[in-house]
Every structure is written in C-alpha cells, then in structure tokens.
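# Structural features, examined
Here's the letter readout for the chains.
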Amino acid sequence: MQKYSIFNLVKNAFSNHENWDLAWKDPTPKEEYDVVIIGGGGHGLATAYYLAKEHNITNVAIIEKGWIGGGNVGRNTTIIRSNYMHDENGLFSEFGMDLWRKMSQDLNYNVMFSPRGIINLAHSDAQMNAYARRGNSMRLNGIDAVLLNREQVKEIIPMADFSENVRFPIFGGLMQPSAGTARHDAVAWGYARQADSMGVDIIQNCEVIGFDVSAGKIKGIRTSRGNIKANKVGICVAGSTNILAEKLNMTLPIETHLLQACVSEPIKPVLDNVVTFGAGHFYVSQSDKGEMVMGGDLDGYNSYAQRGNLPTLQHVLTEGIAMMPFLSKLKMLRTWGGIMDMSMDGSPIIDKTHIEGLYLNCGWCYGGFKATPASGWTFAHTIAQDRVHELNAGYSLNRFSTGHLIDEKGLGTKTWIS
Amino acid sequence: MLYINCPHCGMRSQNEFSYGGDASVKRPDLNKEIPDKEWDDFVYNRKSLRGKHLELWQHISGCRQWIKVERDTATHEIFRTFKADEEFA
Amino acid sequence: MTQAFRIENIGLINRDKKLSFKFNGKNYFGYEGDTLASALLANGVHLVGRSFKYHRPRGFFGAGVDEPYAVVQLYRNGETEPNIKATEQELFEGLEAKSVNCWPSVNFDIGAINNFLKIFLPAGFYYKTFMWPKSFWYRIYEPFIRKAAGLGVASTKHDKERYEHKYEYCDLLIAGSGPSGLASAYAAAKNGAKVILAEDKPRFGGSLLTCDVNIGNQSGKDWADGIITELKTMPNVLVKNRSQIFGYYDHNMLVMSEKVSDHLPATKKYHPNKRLWYIRAKEVLISSGSIERPIVFGNNDTPGVMLSSAAREYLKVFGVLVGRRPLVFTNNDSGYETAIEFKKNGVEPIILDSRKNPKSEIIDEAKNLGINIKNSYVVVAAQGYKKVKSADIASISEDKKQLGKIENLQCDCICVSGFWTPTIHLASQSGNKTKFKEEIDAFVPGQSKQNEITLGAANGVFSLDETLKTSFKAGSELSKKITKKDNEVAIPNVVEKKSSQHDKFWCVPLPKGKNYKRFLDFQNDVAVSDVEIALREGYRSIEHVKRYTTLGMATDQGKTSNLNGLQLVSEIENKIVPAVGHTTFRPPYTPVSIGAIVGREVGKHSKPTRKSPMHKWHEKNHAVFVDAGVWLRPRYYKRGHENLFEASKREAKNVRTNVGVCDVTTLGKIDVKGPDAAELLNRVYTNAWLKLPVGKARYGVMLREDGIVMDDGTTTRISENHYHMTTTTAQAANVLSHLEYYLQLVWPELNVNVVSTTEQWAGAAIAGPKSRELLQKLFPSLDVSNDGLPFMGYIEGDLFGIKSRIFRISFSGELAYEVNVESDYGNFMWEKIMEVGEEFKIQPYGTEALSTLRIEMGHVAGSELDGRTIPYDNALEGLVSKKKDFIGKRSLQRSAFIEENRQRIVGVVPLDKQTSIPEGSHLVKDDKAKLPNPKLGHISASCWSVEYDNPFSLAILKNGKNMIGQKLFAMSPLKNKVIPVEIVSSHYVDPKGERVRS
C-alpha cells in the first residue's frame, strides 16, 4: 500500500496526482468468509481492521447497505471524550482515547484527532457536586479531569455568558483536557483503507435481507447481492439494529430515535474547546473549517427519518444562546439528522447472542463516534475469541435482566428524554 | 413539526404534546406471577420498527389526555389517532 | 462623483435618493434600491474577496442567493456581522463592509501563496500529511489551518437585536413571486382562499423583472406590479417580500425568515430585526424558479466571470453594466437575451455559442441587432488575475472533445450561461423523490409527498405561456377544494420569444499542455481535477465525492456547483446522472440567522422563572436565591457579612434550638380525588395505603417500573375520597403525568381524578422545638397538642381569618408542621408567622439549612434519589410492602437488586472531626492503590452537623449494611483531598425519631 506522507504528496504532485492508489477496492462478494461484519460504518470498519490487525483474521467481509461511512460516523458532531462516571464506560472509553491518540499514525491517515478539551458547564452548586462525583470517578480511573471555578471557566471561554442578564449563571465546570474532536469521515476512510489493504472485502450497496441460522448456529447471511456463508457474523448497524433484530426474531432493549445537529457558517477561530451547557442539553465546538458545530436534544419520538423538525433545533439553539449569546449573530448553514440506537440505560451493548457465532454491537445512543476504536477493538476480540473482553464485559445484553445497569444520567427507560 | 389530531381537542401542533413511547406494550396485570422474559419485554424490549408504529402521546399542554397515534417512523406520516380507551382496529 | 458603470434610463432603483457607503475603507455611493453588490459594480469594483483555500481573487458571480463568493463582513449600527452576501444585502445610508479571508488586504493577500502551491494541495491532501511528528497536528498544523480557514469574524458581544416569532395558518402558501407564484396566488385569492405569498427578494416579480416578455398587453413587470397591487388590497392575502421560505418540514409546516430591518441603517425601536414565521399550510405551491448554472472552463473564477442572468439583472434592475466589453458564453438562448440587453443599452457584446447552428426567435433578434455571434465556440480560459482582461477562446468540435486553435479575445467580463437548474430544495425537503429530466439536464420534483406542488421553472417548465396556464389552474383548483368557490380568472395573453434546445455541454476540455483550474465550487475551491482525484482514489459515491472534495459544502451550499459536479462524476464513472444521484437537500435553503430561530427566549427569558408568593419578602430580607429547576428558592438569608456556611449553620442551629420557617411552596402538589383514590395510591406507592384514616398523612416512595425510586413525599387524606399528594420540586410534572398514564391507559377502571395544585397553595414549614408553641399562637382555637395533632396528623384551621391546612410532617427531623394557605395569602401567612414567631426567636431558613437538617437525620433527597437507586439503597426497604403489588415491584427481584453486598446509604464522619468531605468524593479502601482504584461508594451529601459541630456526610456505599464502623478514605482527587473517615449510621441525629413525635 502506498504510504501517505508529505514526501509522497510532493512526488505525486509532479505526476498530477494521477498515480494515487484506490483507498479501497470495490470487490464482488465471495461465497464464504470467516467473518462477516454487517455495517460499513465506523464501528464495522474498525472491527474488521482490528480483526485483521490484532487477530490475524483477514478473510472478512464488511457488508454495507449504502456507502461506507454514511451512517452516524458521517453525521455526528465529532466529539471524543471519556468523561464518564461509571467504571464500565470510563475504562472502556479511556482505552479508546489511547487508540485515538495514535490513530493517524496507526492508520497512516490523518484523522485530525485534536485534544482540545471538553468543558461541561455547571450552573449550580448541586451540579458542581454531581460533576465532582463524575470527575473524581474519572481521576480514580486514571482519566484526566479538572474542576474549574467560574473564573477559570471565564478565562478559557470568555464568550460564554458571564453577564448579569443570564437565567442560569455559570458556577464552574468539569473539564477533560485530553478530550477533543476528530475529522469524522477520515476515521471511516482511514479504517477502510487499512482494512482493505490487509485483505478485508468492503462490499457497498449490498443490503442484508436475512440470516441463515440452523441448530442455534449462524451459517451465513442473505443479501441483495446473493448469499454469503460465514460461521461468524457481527451486527454493527446502530440506528438500524432493530430492523435486523426483527429478522432474527429478537427484540432488544433499544429504540431508534432521531438526533439533529447543525453547523453555522464558517467564521475565524473563536472557540478552541468543546463546551456543553449544564442547564439543558447543548454542545458546541468549532471545526477546523471554522463552522460552529452544534447539537443537543433528540427530536423525541421513534424515527428512522434522517430529517428532523425545526422546533427541536430552536430549543437546542435557545440553550446555545443562553450559554454563548454571540451565537445569535451567526447563521445556521446546514442541518442534518441521524438515527440512534437509544438503549434503555443509555449505555451500549457489545456481546455474544443466544445464537452461536452471532455477535451484537449496538445501543450507542449519541455516543457512538468517540467509541469507534474501542468498540471495534473489543468487538473484534469478542468475535475472534468468542468471548467478551473485560473492557466490554459490562456491556452485556443480559444486564437488563439482572439489573446491572449502567445509567450515566439516571433517566431510565424513557429513551426519548435526553 | 408534527400536526397531531387530538381526539379530544382537534388538530394541534406537536409542541403541545409529550411523547410516551410504544403503545403496543401492555403492562402485565398486578398480583400475578410474571416470568422474567415477560417482565423484561414489558420494561425494556421494544420492536421499534421502521414503518407503522403505534405510540402514545400525552396532550400535556392541552387536555392532558394520553392518546394513541399510528405514525410512520420512516416518513412521520400520521395515519390515525385514538382516545386512550379506544383499541386499534 | 460619478458611477462609471451606472447607465441612465434603465433600472428600478430610486435615483432621487443617494446613499453613501464604505467598502474596505473607501467611500462610495449608490442609490436606494441597490444591493451592496450592484452599488459596488456600479462603481467598477469587482474584487470583493478571496477564495477559501487558494485565496484567489473573487468578484461577483451571481445577483442573489446563489452567490458563491461575494461574502463580506458587514458593519451596521455599531455591530458587525460576518459572512453577508453582498448580492443579498440591500444598501442603506452609512453601510460599511469589508472583504473577508484576506490579509493584509483583498488587493494584496499573503494567503494567495496557496495559489502557487496548489499542485501540492489537491482534494483531501490534509488526510495524507500533517501526521508527523505525532503531536504536531494539534500543536502546529491545526492551529495554522484553523486560522487560515473560516470566513468572517464573529463579534463575541451580546446581540442587541430583537427577533420575533409568528405562527400562521393558511390555505395556500406560495413560495416565490415570479410568474407562477403570482398567477397561482391571484387565482387562489379570487376564490377567497387564505393565501400567503412569500418573496425572498425586496422586489416582487421574479424573472418578470429581467425578461423581455409581454403579458396581457403590458410588460411582464407591469403585469406583476398590477397583480401584486391588487393582492395587497385583498383581506385574505398576505404578501411578504424580503421573506424566504427556507424549510419544508413535516405535516406541511414551513418556516419563513422575514428580514424586517436588515435594509435599514438601524432597527427601529420596538421592531424586530428578523421575524421567523412557522406556517402550517393546507396546500403549498412551490414557485421558487430556477438558477442559471455555469459552464466550466479554465480560470472561471476570475472576477468578471459571472452568470449571464446576473449580468442581465444588474442591468435591468439596477442600471449597472458589469462590463463595457462583455463576452457572453452560452450553450442556450438565455445568453442571447443578456447580449440583447447589452446591445440595447449601447454596449457591443460578443456571443460564443457552443452550439453549431441553433435557430430561434431570440437568436434571430440578436442577429438582426447585429450582434457578433460565434457558433461552435467556447471560452477555454479567462485571462487576468484580479479582473478579466481577455479570454482565450477556441472553436470546438461537435463531439465537444477537440478544441481548435486558441485565440485571444479582449473583453472585460464573461457572462456565462449553461442553462437552468430548477430550485427544487423545498420540494425535496418535503420528502418528494426528485427525478432527472433529460431535456433540461436537471432534477425536477417527482411524486408529491406532502400537499405540495411545484410550478413553473422550479418544475422545469421554462415557457411563460405554459407556466401561467398551469399556475392559474393550480391556484384555482387547489383553492376551490378548500373554499368551494369557483371564480373564473381570465388567463392573459402571453407574448414571448420561443427559444431552442440547449446544448448538453457543461465543461470545456483542457487544451493540450494547459493545466488551468476549472472550478466547480467557487467558494471552496473545488476544481474538476479534485473530483477526478476523489474518483481515482475510490471515493465514488456522490456523498464520498462531496465529503472528500467539500464540493457544495460552502455557504452557498452548491447552488451553482452541485449539478456540474454530478455531470462530471457521471461522465467519469460512465453512469447516467440519475444513477449517480444527488446529495440530500436539507433545510435551510440559505443560511438562517440563529437569533431569528431562537426568537425572544434569550437572556433571563431563556427559561421561565417561577417564584413563590413570598418571593418579595425573601428578597427584602436578604435572601440569596438558588435555582431549583425553574423555581427560585431562598438558599440562605444573609445577615451582615455572613457567608453561605455561616448563615446556613446559624439557620439550622436555630431550628434545632428554637424554631425556623422555610418556604416549601415549590413542592409539587397533586389533588387525588375519587372513590378509588386509595387504591391508586396503593398501586403507585411501595407501602400500604388502604387503611390510612381521614386526617392522617403518610410518607410514600414511588418507583419506576424498572424498580428505581422515582420520587418520594407525603400524601394526606383530607377527606373520605380526597387525598393531597406532595412530590419533590423536581419531579412534580413527571409524577402527574405518571399518574395520568396509569389512570388513563393501564387502570381506566379506577375512578380517580388527579390535578396539579402546586400553584394553588403556598406552604411554610415551621420546624423546631418551639414550633408547637408558635403554632398554638397562630391557631389559638385549635388543639395542637401531641394528642390533638399527633405526628403525621392533619387538621384545618383559621389563620387570622384565612383558611389553612396544617400538616404535622417533618423533613428536618424536628418537631415540625407545614401550613398551607391559598397562594394569594402566602405572603400574609408568612408575615404572620414571622410576627408571631418573634418571641420564639424564629428565623427563616433556606435550602442550605434544610439540607443540613435532613442530612443529619439521614433523610434522602435528590442527590440520593438520583435515578439509580432502589428503596434498599436508601434504607427505605421498610416501606416496601411484601403483601401487595405496586408499580416496579417485580423489578426488585432482579439479581443485582438483591445481592448481599448491594450498595446502601451510610453516614460518614471524618476521623479528625474537622475536615469537611467534599460532595462527589469517592470512598476507597486504599488511598495509595494504583489506578484504577476500586471505588466503594460516593459521598452524596455533606453538611456541618449543627448537632455535633463536626462534619457529617451521607454516602451510598457498596455493602453499606455491613460497613458500619469501618475506616475508609474519602478521596477527591479534583480537590486534592484524601480524608480518612469512619462509616457510621446514616441516622446521625435522633436515630429513633423521637423529636418528630415529641
């Protein structure tokens, strides 16, 4: 595989960039694979990559209904963090942070991981205490966290509302300095390119129609491009999990919901960090292109439509202006919607299933992007070894039956309240 | 913004309502032995399919009645709405 | 001062009103009715900005919303706004604007060095480099790229402008006031339908303002003026200019942004800057017209290259010549119309037509006027850096592959027309699946998804005659359905020149040995070669191409570039255009002010503020408030220079020794009435309720179905079938909905009604050893002795003539009562309590003292009932009935909920009895253990015990039941604290609960 480097970029410039290789090929599906991963999103592509890299399993197909990276990895707000209270989430995500830090070099693809720090603003002492509980938990798990007072927050983000005319004054905030953002498409493409180079078949425009299961074992899948045999199949289609689960007669503790996000027109740099509002649900960062990237609440009803309604964005942006009044003068350039697997405790599932050889990776709510490397890594391990890794042991499917829930927000099963 | 026909009040915009999830989920009866699976299906497991979806909304800024709505989760089209005590045909 | 490019006798501007303005520090003037763009062009200014990546000089390309490059920084009334399209900004007196994305100036821009490095900066170059050394991306490269990117500069000041919202309902909403919009609006209005006609430009009429047509024996423009004038007089019609429908949402909800003040030097007092309209329409007519698309050729981004339709608009609407030696490059007849207008106004244009031998009335007219026409000719490249100086042109073979000898032609502008692209954004947003129309090489709406139809050019119909006929008909028929009226409207005669078929040609090939940049997306600097690279590297889906090259992702959202991009992809991939497909059209059509989207809910009004009836008294008495949800509650009452700690300690101590009073109005209150009320409570709460006598209160805990505690509170049986339920402040609304859910859907057989009475009652908690004496003085006629009003008893009384409810309940753990009166008397009650209580040394206490009191007693509150705990965790398992069923009971059998070492509430005391434990600390066995250090539990609440005068905390601790007496460490790494602690009972004060019963 061609190496991407400044040297090669210059070299290719003199041949008009006509000699670059394909980033990934476009193979026709083979009859049989050792492992089939359904879903060519970030998690699916990462899983295939780690299957090849960590477990030397390269006879792998990724089956994608549309185009790779077209789901939530291509329509998120690119935030990467491990600022969780619960051990399961914290340790899993922090493992992922390590993978993020070396991802560009590992994939030889600049994913632009940028540890610009995330600040969760607090608007009361009670909230400061709740953040302290989370931050202390992070620190005891070896994750960086700093509790900022009002003055410290003001120093970092003076454009937030520190005026008198504010409904919920800023008391302080919890910061994870090592959190940040990355270029979302590049993550999908980088994993795809490396997986492809190690022999993984990336098969786009191929829809899964059904599964072949016999005697409690998975035997293969049926697709719009023919049947494919495999003794191991991983489902990795957050947003559409329930549609595939139905084909397997499974009902899952997941609902599919719609989340919108938007960007402003590009402006010169004004905000370095990722900031979240504490008296509501709003988050913002500024992309390298200069756009303010903003999001917040779900639209709040089951939906597979990748299109939302304006009142939700109005509500989200209201909180945005409450936090940073200067946003008012900007213009909203682009909006989009993505569909989420909202799990019943807000945490994901990476587990084996009752069908031998069938593995499930789902329930990412709106935290899937940052989990891409750790999810791929642990899912690859789970598939390759046919047992969960200790990092994803907590993300079991049966925790809903046993009561070992991982509920960061304490909101329970009303998944549409975010 | 969805436009919902409250069977008690008439057409109203969605911002008068709050969502209540899958209406096909039935609470098991009280004072009855309930197997784990049945209870989990009630509390946690949802079909949440693409297409027609029977769901609950409460007209919270209106008559406060819980109503049933048949809506397409792919297009958001609403086909029918019912009062709480009406069954879907 | 003259305007070199303004000509007489043409245009719709008001020449009687001169307006002066400033651009890049230089003074100019224009006229009322100008846009910033037309005024600059009138003054011969073509260089307005620099492109995003290569910093190439950029001028004006269009004359409206499609403008890709004329983006400026605007200064108005002491404020600044970034990224304003000069083509949309109307001129006002004193306007100031500056170029963006250039340094030190638009004339000499250092960033233009990128233009020379461009061979190293192809699409996606940044994915291939900037990776070494590892830390450099974040520290060096990225900050550099960030500074280089972005367009204008945002002010970080608060926005002083006001924005309003309006909600409207109508029969027909018509987007666009061109011929189809006017005709359909008129026909519908005549049928009495409620019509809203929206036009995003200041002037109505759309293409009729610039086309040479005749309708009903008058010019198109005069006909439009007549229709608008009449519509404005009709009471059932709302006509709005400067108003853009930018989004088509679910269920025929469309949203319109109206610019109320942007064309004025300052917003008038009490006027909004913009108004956002949410419009629910029965029928939607999309008459949004079409946008001319460019033909792609070398250096086609040079200032002076612009759409031929824009040149015509500058001429006919603004009386501005975009050049004196125009070259018109076209593949269809529209270019001829522009050339004819030039000619009529004394300028000699040259037409290059890619077609070999086209014939039509328009072409004949051009020929008759003596215009120089070169057939089978194309512009190969524009020459000139900051302005077009000439064009390299050549003949082209019929297959459009071979260029003839290159000639150089002097010109000062190149007006380009590559035919028309229907504006299908709204139709597509409605869910309509668009289809590709071969005859016009563009997408048009397909089957309607909502109640929308698309008319005229937006539907790919470019004949005025046909447009008017279909539009009158559509307006008439749709309105008839609604109003049942059928008033016939005569369809006027149309005289228009017939045009011929356009040439399916959109990109000029590169001549041998030349490497011109041929731009598709002008703002983002995406050239043909970039798309080629993307495809070559396997980014083949149109979405991949878009994302890899950023084609169509600039602030113009690809209005002039997307279709040419598609053509290129289809050509290279050897697919037909519809097989490539277009990327999704999403709202907004053009960027919308965030302030307008938000409206009035800003600053203090971003969320409601709820205050108790006693709020003023609290304020007067130096209360420091705290937000409790949207309520404001006194946190403490400041005396002198007291801080929070000192004041709350004083207040808590006074409760323990004398008597205090606390405003508890914010607690949720629900009236539960009906013969089955007790049964409902019995099912909702974990404990038994069937035997509660009238006049008695009981504490209850309610669960969610998943077994987690949802809320707690006391409920009192006021009379046989009437219960008064209280909830926590935070959960009040949720609990009401929860009860309604079960009553309406699950147990409709229960004859019970619930209603919120939170606002109806003001509440005061009187707590402390002297509270009974105080109560007796307040209600001299009542027997409030321990027998007359025992713990958890309830009586009604008369407080100086005011009907009161008296509950003997206690959150503080002291002997305590809660008095409720109707809200209007809340302040009266409060003042009486303070007045009468003076002799008992009464002091008001806030939430902080209340916290101290409850923590000492081991009473749980929000920080323990955090949505993750079950009754056992809160030592409330005694309230869980084993006999009866209730909501969530089945979940309590889960294995994790009955584990022997299940977490449980405990008390925590620092060993030194000095060091307060910060809330949010975690308990660990070994403070020096390596990370991750296993956490055994967390500190949920801390206080300074006024009873023992030392710190005391509550914690939720793993295996808490068996940990009493253990020594652990409370760690708060965030605050650098490690505190050795002892685990004690959570009931730190009065563990037997004697005081409340005393």
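These notes cover the structure that comes with them. (Residues numbered from 1 in each chain as written. Chains lettered and ligands numbered in written order. Predicted model: local features only at pLDDT ≥ 70, side-chain atom pairs only at ≥ 80, totals over all residues. Heavy atoms only, no water.)

### Focus: the overall build of chain B
Assigned secondary structure in chain B consists of one helix and six strands. In terms of overall dimensions, chain B has C-alpha extents of about 40 × 30 × 25 Å along its principal axes. A burial count over chain B gives 53% of its 89 residues as buried. Of the contacts made within chain B by residues no fewer than 6 positions apart, 44% connect residues no fewer than 24 positions apart. (Helix = DSSP H or I, 4+ residues; strand = E, 2+ residues; numbered from the N terminus. Buried < 20%, exposed > 50% of the residue type's maximum accessible area, 1.4 Å probe, protein only. Contact = heavy atoms within 4.5 Å.)

### Quick look at the pattern of salt bridges
Scanning the model with the defined rule gives 91 salt bridges over all chains in all. As a salt-bridge pair, A:Asp185 and A:Arg183 come within 3.1 Å of each other at their nearest N and O atoms. For A:Asp185, a relative accessible area of 3% corresponds to the buried category. In this structure A:Arg183 comes out as partly exposed when scored by relative accessible area, which is 23%. A salt bridge links C:Arg904 to C:Glu877; its shortest N-O distance comes to 2.9 Å. Within this pair, whereas C:Arg904 is found in strand β46 (residues 904-910), its partner C:Glu877 is found in the loop between α23 (847-857) and β46, the two being separated by 27 residues in sequence. Given a relative accessible area of 14%, C:Arg904 falls into the buried group. Counted as one network, the salt bridges with shared partners bring together A:Arg183, A:Asp185, C:Glu543, C:Lys546 and C:Arg547. (Salt bridge = Lys/Arg side-chain N within 4 Å of Asp/Glu carboxyl O.)

### Details of the environment of C:Pro272
Residue and element names in this part refer to chain C. The topology assignment puts Pro-272 in the loop between β14 (253-259) and β15 (274-286). Between the C-alpha atom of Pro-272 and that of Ala-596, which follows or precedes it by 324 residues, the distance is 9.3 Å. Excluding its chain neighbours within four sequence positions, the residues that come into contact with Pro-272 are Arg-162, Tyr-163, Glu-164, Val-260, Ser-261 and Thr-267.

### Here we look at the interface of chain A and chain B
Across the contact, 27 residues belong to chain A and 22 residues belong to chain B. There are one salt bridge connecting chain A and chain B. The partner of A:Glu255 in a salt bridge is B:Arg46, with the nearest N and O atoms 3.7 Å apart. Our count for the chain A to chain B interface comes out at twelve residue pairs in polar contact (both at pLDDT 80 or more). Mapped by element, the contributors of at least two residues to the side of chain A that touches chain B are α8 (241-247), β13 (254-264), β16 (292-302) and α11 (399-402) of chain A. Taken together, the residues of the side of chain A that touches chain B break down into 13 nonpolar, ten polar and four charged. (Polar contact = N/O pair within 3.5 Å; in protein donor to acceptor, adjacent residues only side chain to side chain. Nonpolar A, V, L, I, M, F, W, Y, C, P; charged D, E, K, R; others polar.)

### Concerning the pairing of strand β5 (residues 66-72) of chain B
Residue and element names in this part refer to chain B. Of all seven residues that make up β5, seven are buried, and the element is covered over most of its length. Judged by which residues are buried, β5 turns out to be covered on both faces: Trp-66, Lys-68, Glu-70 and Asp-72 on one side and Ile-67, Val-69 and Arg-71 on the other are all buried. Examined bridge by bridge, β5 and strand β6 (residues 78-83) share five bridges and lie antiparallel to one another. Looking across to β6, one finds that Glu-70 is bridged to Arg-80. Between β5 and β6, which follow one another and run antiparallel, lie five residues, and His-76 among them has a positive phi close to 70°. (Pairing = 2+ DSSP bridges.)

### Concerning the nonpolar core
By size, the foremost hydrophobic cluster in this structure holds 152 residues, and its most contacted members are C:Phe60, C:Tyr314, C:Leu327, C:Phe329 and C:Ile414. Looking at which element gives the most residues to this core, the answer is helix α7 (residues 184-197) of chain A, with seven residues. Those residues in contact with C:Tyr314 that sit more than four places away from it in its chain are C:Ala37, C:Ser38, C:Leu41, C:Phe60, C:Gly62, C:Ala63, C:Thr87, C:Met306, C:Gly319, C:Val320 and C:Val322. Residues A:Val284, A:Leu313, C:Val255 and C:Tyr278 belong to the second largest nonpolar core, which totals 49 residues. (Core = buried A, V, L, I, M, F, W, Y, C linked by side-chain atoms within 4.5 Å.)

### Examining the packing of aromatic side chains
Within this structure, the stated rule accounts for 53 aromatic pairs over all chains. Seen from their ring centres, A:Phe95 and A:Trp377 are 4.7 Å apart, and the 65° between their planes marks the pair as edge-to-face. Linking A:Phe95 in helix α3 (residues 87-101) with A:Trp377 in helix α10 (residues 372-385), this pair joins segments that are 282 residues apart in sequence. The class for A:Trp377 is buried, based on a relative accessible area of 16%. The ring of C:Phe519 has C:Arg58 sitting right over it, with the charged end atom 5.2 Å from the ring centre. (Phe/Tyr/Trp six-rings, centres within 6.5 Å; stacked < 30°, edge-to-face > 60°. Lys NZ or Arg CZ within 6 Å of the ring centre and 35° of its normal.)

### Quick word on the sheet that holds strand β29 (residues 494-495) of chain C
Residues and elements named next belong to chain C. The three strands lie next to each other as β11-β10-β29, forming an open sheet whose pairing is antiparallel. Looking at the sheet topology across the chains shown, the edges are occupied by β11 (218-219) and β29. Here two bridges tie strand β10 (residues 214-215) to β11, and the two strands are oriented antiparallel to one another. Bridging across to β11, Asn-214 finds its partner in Ser-219.

### Some details on unusual backbone geometry
Residue and element names in this part refer to chain C. Backbone torsion omega between Trp-132 and Pro-133 reads -20°, so that peptide bond is classified as cis. Within the secondary structure, Pro-133 sits in the loop between α3 (125-128) and α4 (136-148). The omega angle of the peptide bond from Leu-931 to Pro-932 is -5°, so this bond is cis rather than trans. By the element assignment, Pro-932 lies in the loop between β47 (922-924) and β48 (937-945).

### Remarks on helix α20 (residues 732-746) of chain C
Taking 1.5 Å of rise per residue, the 15 residues of α20(C) would be expected to cover 21 Å, and the 21 Å separating its terminal C-alpha atoms lies within 8% of that figure. In terms of residue burial, α20(C) counts as a mostly covered element, since eleven of its 15 residues are buried. (Expected span 1.5 Å × (residues − 1).)

### Some thoughts on the interface of chain A and chain C
Contact with chain A, which involves 123 residues of that partner, is made by 117 residues of chain C. Regarding the contact of chain A and chain C, the summed buried area is about 10,300 Å², with carbon and sulfur atoms giving 55% of it. Broken down residue by residue, the surface that chain A buries against chain C is led by A:Leu140, A:Arg167 and A:Lys329, which jointly contribute 9%. At the junction of chain A with chain C, the criterion picks out eleven salt bridges. Taking the shortest distance from any N to any O, the salt bridge between C:Lys607 and A:Glu319 comes out at 3.2 Å. Our count for the chain A to chain C interface comes out at 76 residue pairs in polar contact (both at pLDDT 80 or more). (Buried area = accessible area lost by both parts, 1.4 Å probe.)

### Observations regarding the packing of helix α18 (residues 644-657) of chain C against α23(C)
Residue and element names in this part refer to chain C. As a packed pair, α18 and α23 sit with axes 8 Å apart at the nearest point and diverge in direction by 60°. Classified by the angle their axes make, α18 and α23 are oblique. For α18 against α23, the interelement crossing comes out right-handed. On α23, the residues that touch Leu-644, Ser-648, Glu-651, Ala-652, Val-655 and Arg-656 of α18 are Glu-848, Ala-849, Thr-852, Leu-853, Glu-856 and Met-857. When the residues that make up the contact of α18 with α23 are grouped by side-chain class, the tally is six nonpolar, two polar and four charged. (Axes fitted to C-alpha atoms, helices over the stretch in contact; angles between N-to-C directions. Parallel < 35°, antiparallel > 145°, perpendicular 65-115°, else oblique. Left-handed = near helix turned anticlockwise from the far one by under 90°.)

### Observations concerning the pairing of strand β49 (residues 950-957) of chain C
Residues and elements named next belong to chain C. Of all the eight residues making up β49, eight are buried; the element is thus mostly covered by neighbouring parts of the structure. A two-sided burial pattern is seen for β49, the buried positions comprising Asn-950, Phe-952, Leu-954 and Ile-956 on one face and Pro-951, Ser-953, Ala-955 and Leu-957 on the other. Taken together, the five bridges between β46 and β49 define a ladder with antiparallel strand orientation. Looking across to β49, one finds that Arg-904 is bridged to Leu-957. Taken together, β48 and the strand that follows it, β49, pair antiparallel across an intervening segment of four residues, in which Asp-949 is found at a positive phi of about 55°.

### Some thoughts on the sheet that holds strand β18 (residues 326-330) of chain C
Residue and element names in this part refer to chain C. One open sheet accounts for five strands, arranged β17-β24-β18-β19-β20; its pairing is parallel. Since the sheet does not close on itself, it has two edges, and those belong to β17 (305-307) and β20 (372-375), each with one partner. Across the sheet, the mean angle separating the axes of adjacent strands is 20° when strand polarity is ignored. Judged from the four bridges that link them, β18 and strand β19 (residues 350-353) form a sheet pairing that is parallel. By the bridge assignment for β19, Leu-327 is matched with Ile-350.

### Re helix α5 (residues 125-140) of chain A
All names here are of chain A. With 16 residues, α5 extends 22 Å between its outermost C-alpha atoms, agreeing within 8% with the 22 Å of an ideal straight helix rising 1.5 Å per residue. Among the residues of α5, those classed as buried are Gln-127, Met-128, Tyr-131, Ala-132, Arg-133, Arg-134, Gly-135, Asn-136, Ser-137, Met-138 and Leu-140. Gly-142 occupies a position one or two residues after α5 and carries a positive phi of about 80°.

Remember, this is a structural readout, not a statement about activity or role.
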